Amino acid sequence: MNLIKVIQAFILIFIFSGNINGQPCKGFHESKDCFVYIPEGRDFKQYSQAKSAQASIGQKTTYKVVLFGGKDYILGVCAESGYRPIHFRIIDSQTKKIMYDNKDYDYIDSFNFMVQRTQPLDIEVQILENKKIQMKKDKMCVGIEILWSTVANK
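Residues numbered from 1 in each chain as written. Predicted model: local features only at pLDDT ≥ 70, side-chain atom pairs only at ≥ 80, totals over all residues. Heavy atoms only, no water.

**Student:** How do you make sense of the pattern of salt bridges when you look at a structure like this?
**Tutor:** Pairing is possible between side chains of opposite charge, provided their charged atoms come close. Under the counting rule described, the total for this entry stands at 6 salt bridges. The shortest N-O distance in the salt bridge between Asp43 and Lys45 comes to 3.3 Å. With a relative accessible area of 38%, Lys45 lands in the partly exposed category. Across the pair Lys96 and Asp122 runs a salt bridge, and its minimum N-O distance is 3.3 Å. (Salt bridge = Lys/Arg side-chain N within 4 Å of Asp/Glu carboxyl O. Buried < 20%, exposed > 50% of the residue type's maximum accessible area, 1.4 Å probe, protein only.)

**Student:** I tried to follow the packing of aromatic side chains on my own but got confused; where do I start?
**Tutor:** Pairs of aromatic rings are described using the distance from one ring centre to the other and the angle between the two planes. Counted by the stated rule, this structure contains 6 aromatic pairs. An angle of 15° between the planes, with centres 5.3 Å apart, marks the rings of Phe111 and Phe113 as stacked. A relative accessible area of 14% places Phe113 in the buried class. Feature note: the residues Tyr47, Tyr73, Phe88, Tyr100, Tyr105, Phe111 and Phe113 constitute an aromatic cluster, connected by ring pairs. Lying across the ring of Trp148, Lys45 places its NZ or CZ 5.2 Å from the centre. (Phe/Tyr/Trp six-rings, centres within 6.5 Å; stacked < 30°, edge-to-face > 60°. Lys NZ or Arg CZ within 6 Å of the ring centre and 35° of its normal.)

**Student:** What exactly am I supposed to notice about the environment of Glu129 here?
**Tutor:** By the element assignment, Glu129 lies in the loop between β8 (119-127) and β9 (139-150). Measuring from C-alpha to C-alpha, the distance between Glu129 and Gly58 comes to 6.3 Å, with 71 residues separating the pair along the chain. Excluding its chain neighbours within four sequence positions, the residues that come into contact with Glu129 are Ile57, Tyr83 and Pro85. (Helix = DSSP H or I, 4+ residues; strand = E, 2+ residues; numbered from the N terminus. Contact = heavy atoms within 4.5 Å.)

**Student:** Honestly, the side chain of Asp72 in this entry has me stumped. Any pointers?
**Tutor:** Tracing the sequence through the fold places Asp72 in strand β4 (residues 71-79). A polar contact of 2.9 Å, which involves the side chain of Asp72, links it to the side chain of Arg42. Sequence-distant contacts of Asp72, defined by excluding residues within four places in its chain, comprise Arg42, Phe44, Phe113, Met114, Leu147, Trp148, Ser149, Thr150, Val151 and Ala152. (Polar contact = N/O pair within 3.5 Å; in protein donor to acceptor, adjacent residues only side chain to side chain.)

**Student:** What am I meant to see in the pairing of β4 here?
**Tutor:** One face of the sheet, then the other: side chains in a regular strand alternate in exactly this way. For β4, the tally of buried residues reaches 8 of 9 residues, placing the bulk of the element in the interior. Examined bridge by bridge, β4 and strand β7 (residues 110-115) share 6 bridges and lie antiparallel to one another. Among the inter-strand pairings, Asp72 is bridged to a residue of β7, identified as Met114. Sheet topology places β4 next to β9; 9 bridges connect them, and they run antiparallel. (Pairing = 2+ DSSP bridges.)

**Student:** Just to check I follow, could you spell out the layout of surface pockets for this structure?
**Tutor:** Empty space left among the atoms is revealed by rolling a probe the size of a water molecule over them. In this structure, the largest pocket spans a volume of roughly 150 Å³. Taken together, Ile90, Met99, Tyr100, Phe111, Phe113, Met114, Val115, Gln116, Arg117, Gln119 and Leu121 form the lining of the largest pocket. Elements with a minimum of two residues in the lining of the largest pocket: β6 (98-101), β7 and β8. Looking at the lining of the largest pocket residue by residue, the classes come out as 8 nonpolar, 2 polar and 1 charged. (1 Å grid on protein atoms, 1.4 Å probe; cavity = no way out; pocket = protein on both sides within 12 Å on 5 of 7 lines; lining within 4 Å. Points joined across faces, edges and corners; volume = space filled by probe spheres on them. Nonpolar A, V, L, I, M, F, W, Y, C, P; charged D, E, K, R; others polar.)

**Student:** What is the right way to look at the environment of Ile146 in this model?
**Tutor:** Tracing the backbone shows Ile146 in strand β9. Residues Ile146 and Val77, 69 residues apart in the sequence, show an inter-C-alpha distance of 8.8 Å. Contacts of Ile146, omitting those with residues within four sequence positions, involve Lys45, Gln46, Tyr47, Gln49, Ala50, Val65, Leu67, Tyr73, Ile74 and Leu75.

Structure follows, in structure tokens:
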């Protein structure tokens, strides 16, 4: 009798743990759909604060990150099936100053920059509507890819 209850408990734990970890976009930023160009001859590594999430088309979503000083970074954004355009801005969390806006560069999907001192940043992402593509859903997976490297010698 007790053995049956133990088996039932394990089955319930297994079922519920699968639902909890079954996030639809988990690891999307590491998928082949989320390609970020890395300059030749540079050794960039994935930063631990890179992330994936589900976002609504047309809605702005802000991701908070802290980038350490003295490093080069590449920040890239991507969406399911290569959907574009994606608008993203890098904002200083403390001053709210916009440091980069890809709208000024024809919505390019990645940006390479150096951080001189450790800094909290807001990464604001918005999947823009694309009239040329008929979407059957109003949400999709978005990847925020953050790569880092030591500062290149000049």
